[in-house]
Structures are given as structure tokens and as C-alpha cells.
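Here is how the chains run, residue by residue.
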2 protein chains.
Amino acid sequence: MHFTLDRLSAVSLVQQLTTQLQAWIEQQRLRPGARLPSIRALAKTHGVSAACVIEAYDRLVASGWLEARHGTGFFVAERKAGLPEQDAALWGETVDGKWRQFDEGQEALLKLGCGWLPSAWRAADELAQAIRQVSRGNPADLFDYAPPLGLASLREQLHKRLERLDIAAGAERIVTTHGASQALDLLVRALLRPGDTVLVENPGYYNLFNLLRTHQVNMLAVPRTVHGPDLDALQRLLVEHRPRCLFINSLYHNPTGTSLTPKVAYRLLELAREHDLRIIEDDIYADFQEGPATRLATLDSEQRVIYLASFSKTLSSSLRVGYVVADAALITRLAELKMVSGIGTSRFAEQVLAQMLANGSYRKSTQRLRVRLGQHRARLLAQLEGYGWQVFAEPNGGMFVWVRAPGHDFASLERLALAHSVLLTPGAAFDYQGHSSAWLRINVAYAQDVRAQGFLRAAGEAKGDLDHALGDIT
Amino acid sequence: MHFTLDRLSAVSLVQQLTTQLQAWIEQQRLRPGARLPSIRALAKTHGVSAACVIEAYDRLVASGWLEARHGTGFFVAERKAGLPEQDAALWGETVDGKWRQFDEGQEALLKLGCGWLPSAWRAADELAQAIRQVSRGNPADLFDYAPPLGLASLREQLHKRLERLDIAAGAERIVTTHGASQALDLLVRALLRPGDTVLVENPGYYNLFNLLRTHQVNMLAVPRTVHGPDLDALQRLLVEHRPRCLFINSLYHNPTGTSLTPKVAYRLLELAREHDLRIIEDDIYADFQEGPATRLATLDSEQRVIYLASFSKTLSSSLRVGYVVADAALITRLAELKMVSGIGTSRFAEQVLAQMLANGSYRKSTQRLRVRLGQHRARLLAQLEGYGWQVFAEPNGGMFVWVRAPGHDFASLERLALAHSVLLTPGAAFDYQGHSSAWLRINVAYAQDVRAQGFLRAAGEAKGDLDHALGDIT
């Protein structure tokens, strides 16, 4: 089995490999049920990276040409009836690495670095019940458009929630959005123009980087430390570049899991005042909060902080409900943009959320999640220490830990992970310039899976051997 | 009761009036239960338009300060408990005339020109049932993000639907969107830059005009005739301005209700080929189709036509499900933009739609709608003729008729409408430059309401008197 890959072609190696593998299957040179070469073997014989082969296999799994069987490898599938022949091309074309974790048909690999909780952890009964209630309730919720600022019943609940966080915001300062992602998109549309410069935390949220690039906004990186953004670096950038705003996760930062300390928060707001900087505080992990927490929107007294959050992480990514809190003039502009670009949010989804906030089932379900996350986080941190991994900082809440296995680069970790049927999210995805990194984001909720444990132990052992050779470096 | 209005202020007259009315209520100079002056009286004493007073009253109704009682006028409400005090300002600030029809709390006025069907006409049982089924089904549909192109089960159904319309499009050429509005927004983002020039039909869809203006795209207007766009005007504009694309409703055009004839469609595609014009065909009224119909996407053999549609008009505006059909490269770009700006569509909503398409309940419900719309349209057209209204063209399907009452301008029609508790959508809203117009869009589904009948008869009678004076001009 050999394919001719053209390294000078405009078509990516992944796509070339995908197309040729598919052709072999179509021509029945590979028959249904046949086993594909191992990732390592195919990568070696064709001089491509393992990631390239994985991507090609993934695309063919997603489009139904291949099946991944847990622990044993990839096999040619029986073509699914009813799926148009072109589907393979479709996935191949659309789904590049960035969106791989959003694909269907990846069940065979454990997504250890993904950005959401397992379905089994979620409030399935409570959500299904709220959905059924709304389906039997006011027909307007089934059929009608939502008003520009969002459904009044939801905004009232959000107002109460914000009061509990000591964020002073009347309902006139809240607009609902299609998840936090649309909130960010609307803010970029309203506040920035191509060529503007903004500050982002590095490492940080890869979809924010994609979004800013799409809008042709220049990014300057503020390193994220254990206590929040590096204030010296921040001050230098403020003086030199006068950026328009800063995007930040105060709590349980993605990907490092760190939270802002009060001292850093105060100083940050002082700097913002001195340099007339707007701050966009993305608080999507807010409801994972355990113990005291520092939020810029709580401390802010001059409406300098624009606050946004969503229910995608704690309840459902499927409903797509988020919101922004800002001064009334900006809220007006955001509502206008929201209507123009999509005639508002889903009234049905907003009523479901409003119901769960009003009847307390959302609060109860997040309590359960916090306890469970806390247990899994503590267990994982103990294991990582035992296995010899390095942890950036022990997070006090949220889903993520940011770790590395001394002695491994990403490529070697990825090989090891795949051998254990684990799909990693590369550290490079969280670098604003895509620079490679040996750091990994691990979602604690998946770490007790037998596949994850196998991988974590194996990577740690490698490091253990190294430590043994080098003496203890931790 | 007198207010001081500053005509030179940056604050609109509507907002000034709203604020001062609210202040009177807060200061209890107007007590709960008190009746407000009539729209006409307040407009007269303050030298403002009736529309201005209506808008101010509407905002105060929406924010709970006033109540509209059917047929008798506006009254000071008891303040709703739990509604933040600032809510009045909020509605006042956000909701300008354009979005008035999307507000809550407008039940007292019949929205005769609105763009959707009454809830009572919709497939409430079938939709609620599908929702409950999905809520009991695959937990992934409750919780997970949708893949970049949209849920495979929905795209498979869309593929079949397109086959029935003779639109050749494999599933790799379909991407789902948050309604047709997001489809348009993504297309503008992907295809156009600020300063680009495009063709729009005039009169046409006001939210498309808003969208293009927001993106700083220049519009050139092609007059819409009874048979489709005016081809002579189109040809001149193509030669002189080389626009990038044309936006068009082939079927049941909004607002005129007219449909493309085969002759116009063929010639239009010829012109598009000659001038390398892309066509964006917005087919959101597709499923109202009765009898044969001409679609550009069906005739197109060179992927020049980008097709989009949604389920907002026929099933639910609340679920926000639409889609685009285009060449694979553009679909890839749209999916990318969709992920970056909102991490995809609602998986839950797409599964509900997929279910109703698969089990036939969507098809049955649209059949019922077509019959009902047909009956209401026929009755209204007969009444309009009897009352002496002028009809732009008798539509052969869809929701809209485009009409005027000779002898009336919009202001006089609006006064008459309000006297009958009817809210009109001004013809100016459908003009790409907002020029005033005596034409009105009427939604046939609301025209048999007693309020509508009162208005239609009264406006027609005025014309009747005029005809009597002028002799028969029809």
C-alpha cells in the first residue's frame, strides 16, 4: 500500500492522503472489514507525521469510510446506507484540525483535552423536564422570535444571578447571545476595526484567536502567570502600543486553570484606568466557582469591564445560550447587531434556561458538578504527582489542569496517547501564534478513564526513567 | 399634560417623550389605571407624528409602565413585581421602530404587516412531540455542540428535500445556519468587503438592507416587477457598476408576493453568465409552494447560484434553523466562519427538525398551511377588490400581498389603522433607502381579524369616496 504525496501541492498532505485512501476503498483495493496499517507504520512509510495520518483516518471515520475499533485500530467500514457518496469529501474539506473535536464519529478516541464535561455528568433529567415543560407551555416560546435583548424571563433571572456575584447590572445592561462565542463576535464587531490592536492572554482560548484573526485584529500577548496576567508585560504593552482592550478569563483560565488574585485584579484595574483600557472578562466557568473568587466586573466601578458568560459549560452546549453585561449604549449596539446578523437568539432555548434558573434545578445541578469536579481534580493532581508530571498550578476550581511530562515533546506525547486511544489537544492550539508546546490541557472529568490512566502513567514513566538517569529535577 | 421636547437634541423625540411619560408615572402625576391621552391628541398637542407617540406608548407597554386595552386605549399599569425599574429605559434604548414587531407586550395591536404566521396556525402538537422525543433520545442532542456543517441527520433530510426541488446538491454542499438571517450574514462576511457593490431588489427585505449597511456594502436597486427583477434596469447596472452579486427572492417575494417567471429566470441566468454575477437566492418561502415554481438554483448548471432557506416561516422562528447550499469551497468557508463566530448551530434544534422531516409531520403541516393560506389569500383578494384597494399583483402563494388604498398616504393609513387597533408595517421599511411609500405589505393570515377588516373597509371607503368624486379610475 503506497500513495504518492505531493509536498508542493496546494492540497494539504492530509487531504491527499484522505483522497487516496478513499480511492483505494472505492476501488475495493481495500475491502470492507480490512484493517488499515497502524498510524505509526503509515506515517513512517510515507514520511509524514502521525498527526497527518490520524487526521486522514479521522476524516474517513467521520465520513463513514473507516471504523475505529477501540484499542485495535482502523478498519474499512461497510458504507452506511443513505449517506451520500460525497460525504467523505465534505468532511475532509471542512473539518481541519481545529474543529476535529466537534466532529461526530470520534467515539473510539477519548478526548482528554476537550473543553466540555461528559454527557453522563450533565443534568439530563432536569434539562429534559424543563424542555418538556416549555413544549407544553406558552406557544410563543415554540414559535416566535425572541425580542432584541433576549427573553425578559431569562434576563430577570440573569439579573438576580449577577446580583449574587455583586455585579451591579440592571436588566437594561444585559443582552443574551448565541453562547459566549457569539458574545465575543458581537463585541469584536461593535468595538474593533481591522488593524486595531488588542491584548490577549497567552496561552489562551484558541477560538478567540481565530475570531480576532478573522476580523483582522492584531493581537499582543500578555503571558498568563499563576496569579493572572503578567502585569509588567501588560504595562509595557499598554505604554508602547495603546491597545483597545484586553480579553481575559479571571476564573479557571482556559487552558491553565489559574484564577486572578485580588492583588493582581486591583492593579490590573488601576492600569486599565491609567491607560483607558477596556476589559472583556469572559466568565464562562463562573458557575464552577468554589470558595471566594475575584472578578473584575465585581470590582469595576466605572463600567470599564464588559462581562460575558454562558451556560454551555455547566448545562448544555447544544442550547447555545450566553449573555453580555455592558453599559446600556453598548448593549443597544450589540442587540442591533444581533438582530441584523441572525434575528436574535432562540426563544425556546432561553425559556428552557429561564425555567431551570427559576425552579432551582440549574443551581442544584451545578452544585453536583462542583463536588464531582473537585473530587476528580484532587484525584488527578495526586496521580500526576505520583506519575511524575509537572503541573503549571493547582487550580482551585474548573475543568482544566495545564501539565507537561518532562522528557516528552508534543509529538512523542501524541504517539503515546494514540497508542492508548487518547486524543490530545495540542498546547500549540492555545498559543496565539500556534507555536508548538509540550504543555497539555487536561480535562479532569475524563482523566479517570482507563485509557487516560494508561496514557498518563506511560508518559510519566518515561519521565520517571529520565529522572532516574538525570537525578531528581522536580 | 405637557412635555418639553427638544428638536435639536441628540436624543430622539420618541425617547424624550418616553422618558417624560415615564417620569410622570414615577412621580405619580399619572396614577395606575389612569387613561393616557389618545395618540392623535398627544401627537397634535406636541406637534409630533402619530408614529412618534405610538412608539413611545409601545415602549412603555413593553417595559410594563402602560397597558394597552383592546379598542379603548392606553392606561397606566400597576408595576409588575420583580421587573427591574430600569426596564423602561432598556426597551426605550434598544428597540427602535425596525424591531418593534419583535417586542413582547404588543398583543393589543394586530400586526397586520408582520412577517410570520399566527401561532394558532402552526404545527404545535407535532413540534411539541418532536421536542419531547428528542429530549428523551440521544443525550448528545441535549448537551453537545453540533459539527461544523450541521447535524448529519438534518443535512441528509435537506439533501432529500433539495432533490425534490431538482436542486442537485450533495450533502457536502449544505451547511446549516442560525436561520436564514445568519446565512445571509455569513455570506456577506465570506463574499463581500466594505465598499463592494451589490444588487438588491426594491422593494425588498429590510433586514437584508440593514445587514448590507452594517457591513458597509453599497446597494444598487433593481426594481421588482410583477414577473421578477426588471431586466433592463439589471442589465444597465451590470454594465455600469459590475456589482459582485444579486440578492433575490424567486418565490413569493417579500414584500410584493410576486414570483419569477421562467422567461425572466432564464434571461437572468444568461445575464449573470455574461457579467459573471453571483446570485444569492433566498428561498425562505419555498415550502409555501403551490403548483409549479421557478427557482434559479434548479436551472443553474454552473454553481453560480447560492441558495438559502429556513424553517422559520413554515414551522418555528424560535428554533432558528436555516441552511445554505453552495459550492464546496464556499461551504467550507461558511462553516469556518460559523464556528469562529458562534461555535455552530443548536444541535437540539437541528435534531428536532430532522425528526419532523424524517417522520413526515413537517410535510403534513406545510400542506395544511398551504391550504389555509390559499383560502385566506383568495378571500382577502376578493375583499380588497370590493373595498377598492389596489393590489400590486395577485400572488400565487405565500403570505404577502402588496397593496395600497388610493387617496391615502402612509400617515393617513396609519392613523386609520390605529383607530382600529391595527399596527401597520410601513412601505418605507421595504425601500432600500427608506423612502416613504403608500404601499403596504399585508400578511393574509391576519386579514380576517375583525380589526383588520374594520381598517381595510374604512381605508377602502375613503378611496371609494374619492373614486366617486373622481370617477372610476381602477
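How each quantity is defined
Positions within a chain are numbered from 1, following the residues in the order the chain's sequence is written. Chains and ligands are labelled sequentially in the order written, the chains with letters from A and the ligands with numbers from 1. Totals for whole chains, interfaces and linings use every residue, but because this is a predicted model, local features are given only for residues with pLDDT of at least 70 and side-chain atom pairs only at 80 or more, for both listing and counting. Water and hydrogen atoms play no part in the side-chain values, which are based on all heavy atoms of the structure. Each residue carries a pLDDT score, the predictor's confidence in it, ranging from 0 to 100. In what follows, residue pairs with any heavy atoms lying within 4.5 Å of each other are defined as contacts. Counting from the N terminus, the helices are the DSSP runs of H or I reaching at least four residues and the strands are the DSSP runs of E reaching at least two. To estimate how far a helix should reach, multiply one less than its number of residues by 1.5 Å. Burial here depends on accessible area, computed with a 1.4 Å probe over protein chains only, as a share of the maximum for the residue type. Under 20% is buried, over 50% is exposed, and the range in between is partly exposed. Buried surface area refers to the total accessible area, computed with a probe of radius 1.4 Å, that the two partners give up upon joining, counted for both partners together. Salt bridges are identified by distance alone: a Lys or Arg side-chain nitrogen within 4 Å of an Asp or Glu carboxyl oxygen. Here a polar contact is recorded for every N or O atom pair within 3.5 Å, except that within protein the pair must consist of a potential hydrogen donor and a potential acceptor, and residues adjacent in sequence are included only if both atoms are side-chain atoms. Think of it as three bins: nonpolar holds Ala, Val, Leu, Ile, Met, Phe, Trp, Tyr, Cys and Pro, charged holds Asp, Glu, Lys and Arg, and polar takes everything else, Gly as well. Overlaid copies result from least-squares superposition on C-alpha atoms, with residues included only where pLDDT is at least 70 in both. Pairing of aromatic rings covers Phe, Tyr and Trp, the last through its six-membered ring, and needs centres within 6.5 Å; plane angles under 30 degrees mean stacked, over 60 mean edge-to-face, and all others mean tilted. His is not counted, nor are the chain ends; Lys and Arg add positive charge and Asp and Glu add negative charge. Between N-to-C directions, angles cover 0 to 180 degrees, with each direction set by a line fitted to C-alpha atoms, over the stretch in contact for helices. Roughly parallel here means an angle under 35 degrees, roughly antiparallel means over 145, roughly perpendicular means 65 to 115, and every remaining angle is called oblique. Handedness of each helix crossing follows the sense of rotation of the near helix against the far helix: counterclockwise by less than a right angle gives left-handed, clockwise gives right-handed. By definition, no residue in a patch forms a salt bridge, and every one has over 30% relative accessible area; like charges are joined within 9 Å, nonpolar side chains (Val, Leu, Ile, Met, Phe, Trp, Tyr) within 5 Å. Only the protein chains shown count as cover for residues, and all accessible areas are computed by the Shrake-Rupley method using a 1.4 Å probe. For charged residues, the charge sits on one atom: NZ in Lys, CZ in Arg, CG in Asp, CD in Glu.

With that settled, the discussion passes to the confidence of the model for chain A. The predicted model of chain A averages 88 in pLDDT, with 90% of residues at 70 or higher. Note that pLDDT drops below 50 for residues 80–97 of chain A; the model gives that stretch 48 contacts with residues more than four away or on any other chain.

What follows covers helix H8 (residues 179–191) of chain B. All names here are of chain B. Between its first and last C-alpha atoms H8 spans 19 Å; for 13 residues at 1.5 Å apiece the expected length is 18 Å, and the two agree. Across the 13 residues of H8, 12 count as buried, placing the element largely inside the fold. When H8 is considered as a whole, its buried residues turn out to be Gly-179, Ala-180, Ser-181, Gln-182, Ala-183, Leu-184, Asp-185, Leu-186, Leu-187, Val-188, Arg-189 and Leu-191.

Accessible area lost upon the coming together of the parts is a frequently used measure of interface size. Contact residues are listed per partner, giving 81 residues for chain A and 81 residues for chain B. Taken together, both faces of the contact between chain A and chain B bury some 6,600 Å²; the carbon and sulfur share is 61%. One can count 2 salt bridges joining chain A with chain B. Put simply, Asp-185 of chain B and Arg-189 of chain A hold a salt bridge, and the shortest N to O gap is 2.3 Å. On inspection of chain A and its partner chain B, the count reaches 26 residue pairs in polar contact (both at pLDDT 80 or more). Going through the elements one at a time, helix H4 (87–94), helix H5 (124–136), helix H6 (139–143), helix H7 (152–164), helix H8 (179–191), helix H9 (206–214), helix H13 (328–342) and helix H14 (347–358) of chain A are the ones with two or more residues in the side of chain A that touches chain B. The biggest single contributor to the side of chain A that touches chain B is H13 of chain A, with 8 residues. Partitioned by chemical class, the residues of the side of chain A that touches chain B number 35 nonpolar, 25 polar and 21 charged.

Next up on the list: the relation of the copies chain A and chain B. If you rotate chain A by 180 degrees and push it 0.0 Å along the axis, it lands on chain B with an RMSD of 0.1 Å. Between the two chains, the operation in question is that of a two-fold axis. Scanning chain A for the C-alpha nearest the rotation axis identifies Arg-132 of chain A, at a separation of 2.9 Å. Same-surface contact between copies: 100% of interface residues of chain A are shared with the interface of chain B.

Looking now at the packing of aromatic side chains. Evaluated as defined, the whole model comprises 25 aromatic pairs over all chains. Relative to Phe-348 of chain B, the ring of Phe-348 of chain A has its centre 6.0 Å away and its plane inclined at 5 degrees; by these criteria the two rings are stacked. On the criterion of chain membership, the pair formed by Phe-348 of chain A in helix H14 and Phe-348 of chain B in helix H14 (residues 347–358) is interchain, its members lying in two chains. Of the two residues, Phe-348 of chain A and Phe-348 of chain B, neither departs from the other in class, the shared state being buried. Summarising the aromatic geometry, the rings of Phe-392 of chain B and Trp-439 of chain B are spaced 5.7 Å apart at their centres and angled 90 degrees between planes, so their arrangement reads as edge-to-face. Placement of Phe-392 of chain B in the loop between strand S12 (390–391) and strand S13 (400–404) and of Trp-439 of chain B in the loop between strand S14 (422–423) and strand S15 (440–443) is noted, with a sequence separation of 47 residues between them.

Here we come to the side chain of Asp-282 of chain A. All names here are of chain A. If you trace the backbone, Asp-282 turns up in strand S9 (residues 278–282). The side chain of Asp-282 sits in the buried core without any salt bridge; Lys-313 is the nearest counter-charge, 8.9 Å away. A polar contact of 3.4 Å, which involves the side chain of Asp-282, links it to the backbone nitrogen of Ile-284. In this structure, Asp-282 is in contact with Leu-184, Ile-248, Asn-249, Ser-250 and Leu-308, ignoring residues within four places of it in sequence.

Our next topic: the packing of H13 of chain A against helix H9 (residues 206–214) of chain B. Between H13 of chain A and H9 of chain B, the shortest axis-to-axis distance is 8 Å and the interhelical angle comes to 120 degrees. Judged by the angle between their axes, H13 of chain A and H9 of chain B are oblique. Viewed along their axes, H13 of chain A and H9 of chain B form a crossing whose handedness is left-handed. Note on element contacts: H9 of chain B touches H13 of chain A through Asn-207, Asn-210, Leu-211 and Thr-214 of chain B, opposite Leu-337, Met-339, Val-340 and Ser-341 of chain A. Considering only residue class, the contact of H13 of chain A with H9 of chain B consists of 4 nonpolar, 4 polar and no charged.

A cluster of basic residues, Lys-160, Arg-164, Arg-363 and Lys-364 of chain A, forms a positive patch on the protein surface. When residues of the positive patch are traced back to their parent elements, those giving at least two are H7 and helix H15 (361–387) of chain A.

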